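A look at the structure
What follows is each chain in one-letter form.
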Amino acid sequence: MRMGAAKDMFLNYYDVDINTMTIYASFIASPGLFKMFTGFVVDARVVSKRKYYLIFFALICTLLQLIVSVQCMTEHFHIAIVLFLEMYAATFLDVTIESIVVQQARRDPLYG
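Since the structure is predicted, the reported quantities are computational estimates derived from the model, not experimental observations.

Conventions adopted
Residues numbered from 1 in each chain as written. Predicted model: local features only at pLDDT ≥ 70, side-chain atom pairs only at ≥ 80, totals over all residues. Heavy atoms only, no water. Helix = DSSP H or I, 4+ residues; strand = E, 2+ residues; numbered from the N terminus. Rg over C-alpha atoms; globule rule 2.2 N^0.38 Å. Buried < 20%, exposed > 50% of the residue type's maximum accessible area, 1.4 Å probe, protein only. Contact = heavy atoms within 4.5 Å. Phe/Tyr/Trp six-rings, centres within 6.5 Å; stacked < 30°, edge-to-face > 60°. Arc of directions from axis to C-beta. Core = buried A, V, L, I, M, F, W, Y, C linked by side-chain atoms within 4.5 Å. Axes fitted to C-alpha atoms, helices over the stretch in contact; angles between N-to-C directions. Parallel < 35°, antiparallel > 145°, perpendicular 65-115°, else oblique. Left-handed = near helix turned anticlockwise from the far one by under 90°.

Attention now goes to the overall build of the protein chain. The helix and strand inventory of the protein chain stands at 5 helices and 0 strands. Secondary structure elements of the protein chain occur, N-terminal to C-terminal, as α-α-α-α-α. Computed over the C-alpha atoms, the radius of gyration of the protein chain is 17 Å, more than 25% above the 13 Å expected from 2.2 N^0.38 for a compact globule of 112 residues. When each of the 112 residues of the protein chain is scored for burial, the buried share is 30%. Expressed as a percentage of contacts within the protein chain between residues at least 6 apart in sequence, the contacts between residues at least 24 apart total 72%.

How two aromatic rings sit relative to each other is given by the distance of their centres and the angle of their planes. With the rule as written, the count across this model stands at 6 aromatic pairs. Aromatic side chains F37 and F40 sit 6.4 Å apart centroid to centroid with 65 degrees between the ring planes, which places their arrangement in the edge-to-face category. One end of the pair is F37 and the other is F40, both in helix α3 (residues 35–43) and 3 residues apart, which spans about a single turn. Taking the relative accessible area as the measure of exposure, F37 reaches 46% and is therefore partly exposed. Taking 5.1 Å as the distance between ring centres and 70 degrees as the angle between the ring planes, the aromatic pair formed by F56 and F57 counts as edge-to-face. F56 gets classed as partly exposed once you look at its relative accessible area, which sits at 48%. Grouped by ring-pair contacts, the aromatic residues F56, F57, Y88 and F92 constitute a single cluster.

To continue, consider α3. Listed as buried for α3 are T38, G39 and V42. When α3 is viewed along its axis, its buried side chains cluster within an angular range of 110 degrees and face the same direction. Of the exposed residues in α3, those oriented more than 90 degrees away from the buried face are M36 and F40. Those residues of α3 that are buried are in contact with α4 (50–70) and α5 (76–107).

Attention now moves to the nonpolar core. If you look at the biggest cluster of nonpolar residues, it comprises 16 residues, and the most contacted ones within it are M9, F10, Y14, I28, I79 and L83. Broken down by secondary-structure element, the contributors of at least two residues to this core are α1 (3–13), α2 (18–29), α4 and α5. Broken down by element, this core gets its largest block of residues, 5 residues, from α5. Excluding residues within four positions of it along the chain, Y14 makes contact with M9, M73, T74, H76 and I79. Membership of the second largest hydrophobic core comes to 8 residues, among which are V42, Y53, F57 and V95.

Another aspect to go through is the packing of α3 against α5. Geometrically, a packed helix pair is captured by the angle between its two axes and the distance between the axes. Contact geometry of α3 with α5 gives a least axis separation of 9 Å together with a crossing angle of 60 degrees. Between α3 and α5, the crossing angle belongs to the class labelled oblique. Here the hand of the crossing between α3 and α5 comes out right-handed. Where α3 approaches α5, its residues K35, T38, G39, V41, V42 and D43 are matched on the opposing element by Y88, T91, F92, D94, V95, T96, E98 and S99.

Put into structure tokens, the structure is as follows:
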């Protein structure tokens, strides 16, 4: 879920004031600040293949978005935590895709 939709959800559906929504938005977006460190983890190849990262984190993102869309949680703080975890998984997914693209570009320098 992108930040605009999350802000609208907190403001309109959960009726959260603007200050609390800003705190939640900065909390949800914070995994993007640590993208470089997640890149080190993905490049260290803790798991033998990067494609497993891709499948695993795509499933996590899908599951967490389904949890938010079903609206089974009523506490807006819990929703913010789930969205934070989804953004963290999306950051890992983004870094994994970028590393696969770089790896493919190194294999084929002409058309990379």
